[in-house]
Amino acid sequence: MSDPIQRDPVTPPKQTLPFWPHYVLSELIAWYVILGLLVTLSAILPAGLEDRANPLLTPEHVKPEWYFLSVYQFLKVAAVFSFLGSEAPRLLGIAIPGVLLAMLFFLPFLDRGTKKPARQRPVMLLVVAVTLIVLIALTLWGQYS
Amino acid sequence: MTQSTRAFPRRWFDATMDWFDERIALRQLIAASLHVVIPRRAHTYYLGGITLFLFASQAVTGILLSLYYQPTPESAYNSILYIMNQVNFGWLMRSVHAWGANLMIIFCVLHLLRVAVQGAYKKPREITWMVGMGLLFITLGFGFTGYLLPWDQRAFWATTVGTEIASAVPLVGEAIRDFLRAGADVSALTLSRFLGVHMLILPASLVGLLLVHLLIIHQQGLADPHATEEQ
C-alpha cells in the first residue's frame, strides 16, 4: 500500500490502541470531569460584577486580566533599561516579549534536533522551566504590586 | 433475511445508515474518521481535547448570553444584572462562560507545554504547532475582547490599560491603540467593535484554524514520544 505521508518510524502493532472507542471514551470521561469542575466553580464563585463603568473615576489598582499581567508587569519593569536612552524602556518592554513570542511561534524551526524523549533534551526542559518560572514570577509581582 | 429477526431499533438504525451509505458512503466516512489507531505511549493527558470541549462550552453559553445581552454603554450593565438575577440559570450560564474562559487559556497553555516537553512539535508537525499558536492567540483575543462586555469598572479600566500596552510599539503604537479602541478613549464604539470581534471574527477564525489543526493531526496520527529511541 502506498503511503505518501511521512510518518514516524513504524510503531509495532501491539503498541497501538484503537482511537475508537478506547481513546474517545477516556476523552469523554475527562470532558465530564471538566464539566463538573465548571459547574462546581460557578456555584461556589459565580462571575462577579463591579460598579457600572465610570470613565471619570479611575480605580486605585488598575490591572489587565491575569493572562496579560506578566507582559504588563514586564513593560513596567523595563524601566531599568532607561540607562540606554529615554525611549529604551518602552521599546524594549514591548520588543523583548514580542521577539520571545515570535521564537515560540517558530520553535519547530529553531529546535531542529530529532530527539523526542524529554530526558534526552535537558536544554529544552531547562528553557521551558525558566520561562514558566519567569512568567509566574512576573504575574505574581504584577498581582501584588 | 436476517434483518427481519433483528430488534426494531437496530433494524431502524441499519436502514437509516444504508440510506445514507447509498448516497454519501457514510460508513466509510465514519470508519476513516474514527477507526484509526494511536500509539499506546502517546500520553496526551487529554489536554487538547479538553480545550476543544471548553471551546464548545463557551460557544453554547456565549450564544445563550447573546440572547439577553445589550451592547451599548447605557444598557450593557443592566442587561448583565438582568442575566444574573432574572433569567433562569442566567447566573450559571454567565459564570460557566467566565470560568470556561479562564480554564480554556489554562488548558491551551498546558497543552502547549505537553507538546513542547514531549517534542511533538518536531518534523513533520511544524504546521500543527504554528496553527496551534494561532489558536492560542485567538483564545487570548477572546479573553481580551470578552472582558469589556459587562461594562463595569473592572472591564472598562482593564481594557483601558490593556489597549494602552499597544501604544508602546514604536511609531505605529498609538495608531494601533486608537484602532483597537475605535477612537482615543474606550467608548460605545469600542464596545461595538469588541463585541463584533468577540462574537463573529474570532469564532470564525478559531473554527477555521481548528479544522486545519484537527485535519493535520488526523493525517499524521499522534506523535509517539519514544519513536526515536528504538532506531
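Note that this is a predicted model, so its numbers are computed, not measured. (Residues numbered from 1 in each chain as written. Chains lettered and ligands numbered in written order. Predicted model: local features only at pLDDT ≥ 70, side-chain atom pairs only at ≥ 80, totals over all residues.)

Student: Got a minute to help me understand the overall build of chain A in this structure?
Tutor: Each helix and strand in chain A was counted, giving five helices and one strand. N-terminal to C-terminal, the α/β element order of chain A is β-α-α-α-α-α. Computed over its C-alpha atoms, the radius of gyration of chain A comes to 23 Å, more than 25% above the 15 Å expected for a compact globule of 145 residues. With respect to the three principal axes, the spread of C-alpha positions in chain A is 70 × 50 × 30 Å. For chain A, restricting intrachain contacts to residue pairs at least 6 apart in sequence, the fraction spanning at least 24 positions comes to 42%. (Helix = DSSP H or I, 4+ residues; strand = E, 2+ residues; numbered from the N terminus. Rg over C-alpha atoms; globule rule 2.2 N^0.38 Å. Contact = placed C-beta atoms within 7 Å.)

Student: Before we go on, may I ask you to explain the overall build of chain B in this structure?
Tutor: Scanning chain B from terminus to terminus reveals nine helices and one strand. Secondary structure of chain B in N-to-C order comes out as α-α-β-α-α-α-α-α-α-α. Here the C-alpha atoms of chain B give a radius of gyration of 23 Å, more than 25% beyond the 17 Å that 2.2 N^0.38 yields for 231 residues. In terms of its C-alpha atoms, chain B occupies a principal-axis envelope of roughly 75 × 55 × 30 Å. Here chain B holds 231 residues, and the buried ones make up 37% of them. Long-range pairs, those at least 24 residues apart, make up 71% of the contacts in chain B with a sequence separation of at least 6. (Buried ≥ 20, exposed ≤ 12 C-beta atoms within 10 Å, placed from the backbone.)

Student: What am I meant to see in the packing of helix H2 (residues 66-77) of chain A against helix H3 (residues 88-105) of chain A here?
Tutor: Axis angle and axis distance: for two packed helices, these are the angle between their axes and the distance between the axes, and together they describe the pair. Residue and element names in this part refer to chain A. At a minimum axis distance of 8 Å, the contact between H2 and H3 shows a crossing angle of 140°. Accordingly, the angle class assigned to the pair H2 and H3 is oblique. Here the hand of the crossing between H2 and H3 comes out right-handed. Taken together, the residues of H3 that come into contact with H2 (itself represented by Val71, Phe74 and Leu75) are Gly93, Ile94 and Pro97. Of the residues that constitute the contact of H2 with H3, the class distribution is five nonpolar, one polar and no charged. (Axes fitted to C-alpha atoms, helices over the stretch in contact; angles between N-to-C directions. Parallel < 35°, antiparallel > 145°, perpendicular 65-115°, else oblique. Left-handed = near helix turned anticlockwise from the far one by under 90°. Nonpolar A, V, L, I, M, F, W, Y, C, P; charged D, E, K, R; others polar.)

Student: How do you make sense of the nonpolar core when you look at a structure like this?
Tutor: Nonpolar side chains tend toward joint burial in soluble globular proteins. Core analysis: the biggest nonpolar cluster contains 47 residues, and Leu54, Met104, Trp151 and Ala155 of chain B have the highest contact counts within it. Residue assignment for this core shows that the elements contributing at least two residues are helix H1 (19-44) of chain A together with helix H3 (47-66), helix H4 (76-85), helix H5 (90-118), helix H6 (126-148), helix H7 (153-166) and helix H9 (188-220) of chain B. Counting residues per element, this core draws most heavily on H5 of chain B, at 13 residues. In this structure, methionine 104 of chain B is in contact with Thr51, Leu54, Phe55, Gln58 and Thr139 of chain B, ignoring residues within four places of it in sequence. Core analysis: the second largest hydrophobic core is formed by nine residues, Phe68 and Phe74 of chain A together with Ile165 and Ala168 of chain B among them. (Core = buried A, V, L, I, M, F, W, Y, C linked by C-beta atoms within 7 Å.)

Student: So what exactly am I meant to see when it comes to the interface of chain B and chain A here?
Tutor: Put simply, an interface is often sized by how much accessible area is lost when its parts join up. Facing 69 residues of chain B, the contacting portion of chain A comprises 59 residues. Looking at the side of chain B that touches chain A, the elements with two or more residues in it are strand E1 (37-39), H3, H4, H5, H6, H7 and H9 of chain B. Broken down by element, the residue count for the side of chain B that touches chain A peaks at 14 residues, all from H5 of chain B. Relative to E1 of chain B, strand E1 (residues 16-18) of chain A is paired through three bridges, and the arrangement is antiparallel. In the strand pairing of E1 of chain B, threonine 16 of chain A is matched with proline 39 of chain B. (Pairing = 2+ DSSP bridges.)

Student: It is not clear to me how unusual backbone geometry should be interpreted in this structure. Could you clarify?
Tutor: Backbone phi values are negative for most residues with the exception of glycine, while trans is the configuration of most peptide bonds. Look at the link from tryptophan 20 of chain A to proline 21 of chain A: it is a cis peptide, with omega at 0°. Tracing the backbone shows proline 21 of chain A in helix H1. Its identity as a non-glycine residue notwithstanding, tyrosine 45 of chain B has a phi of 55°, on the positive side. Along the chain, the position of tyrosine 45 of chain B falls in the loop between E1 and H3.

Student: Looking at this model, I keep getting lost on the confidence of the model for chain B. Mind explaining?
Tutor: If pLDDT is low for a region, its predicted coordinates should not be looked at in detail. All names here are of chain B. On average, residues of chain B score 93 in pLDDT, and 95% of them reach the 70 mark or higher. Per-element averaging of pLDDT across chain B places E1 at the bottom with 88 and H3 at the top with 98. With pTM at 0.91, the complex prediction returns an ipTM value of 0.90. (pLDDT = per-residue confidence, 0-100.)

Student: What's the story with H4 of chain B in this structure? I'm lost.
Tutor: Residues three or four positions apart in an α-helix share a direction because the helix packs 3.6 residues into each turn. Residue and element names in this part refer to chain B. Every buried residue belonging to H4 is among Ala76, Tyr77, Ile80 and Ile83, and all of these are buried. Angularly, the buried residues of H4 cover 120° about the axis, an arc narrow enough to put them on a single face. Residues of H4 that are exposed and point over 90 degrees away from its buried face: Asn78 and Asn85. Tucked inside the fold, the buried residues of H4 contact H3, H5 and H9. (Arc of directions from axis to C-beta.)

Student: Mind showing me how you'd approach the packing of H6 of chain B against H7 of chain B here?
Tutor: All names here are of chain B. Contact geometry of H6 with H7 gives a least axis separation of 7 Å together with a crossing angle of 135°. When the axis of H6 is compared with that of H7, the two are oblique. Across the interface between the two elements, Phe144, Tyr147 and Leu148 of H6 pack against Ala155, Ala158, Thr159 and Gly162 of H7. Grouping the amino acids of the contact of H6 with H7 by side-chain chemistry returns five nonpolar, two polar and no charged.

Student: In this structure, what is going on with the environment of serine 145 of chain A? I would like to understand it.
Tutor: Residue and element names in this part refer to chain A. Its location among the elements puts serine 145 in the segment after helix H5 (122-143). Of the residues examined, serine 145 has 10 C-beta atoms within 10 Å and is grouped as exposed. Considered as a pair, serine 145 and phenylalanine 68 are 77 residues apart in the sequence and their alpha carbons are 15 Å apart.

Student: Teacher, can you tell me more about the environment of phenylalanine 89 of chain B here?
Tutor: Residue and element names in this part refer to chain B. Structurally, the position occupied by phenylalanine 89 is in the loop between H4 and H5. Phenylalanine 89 gets classed as exposed once you count the C-beta atoms within 10 Å, which come to 11. Sequence-wise, phenylalanine 89 and glutamine 70 are 19 residues apart; in three dimensions their C-alpha atoms are separated by 18 Å.

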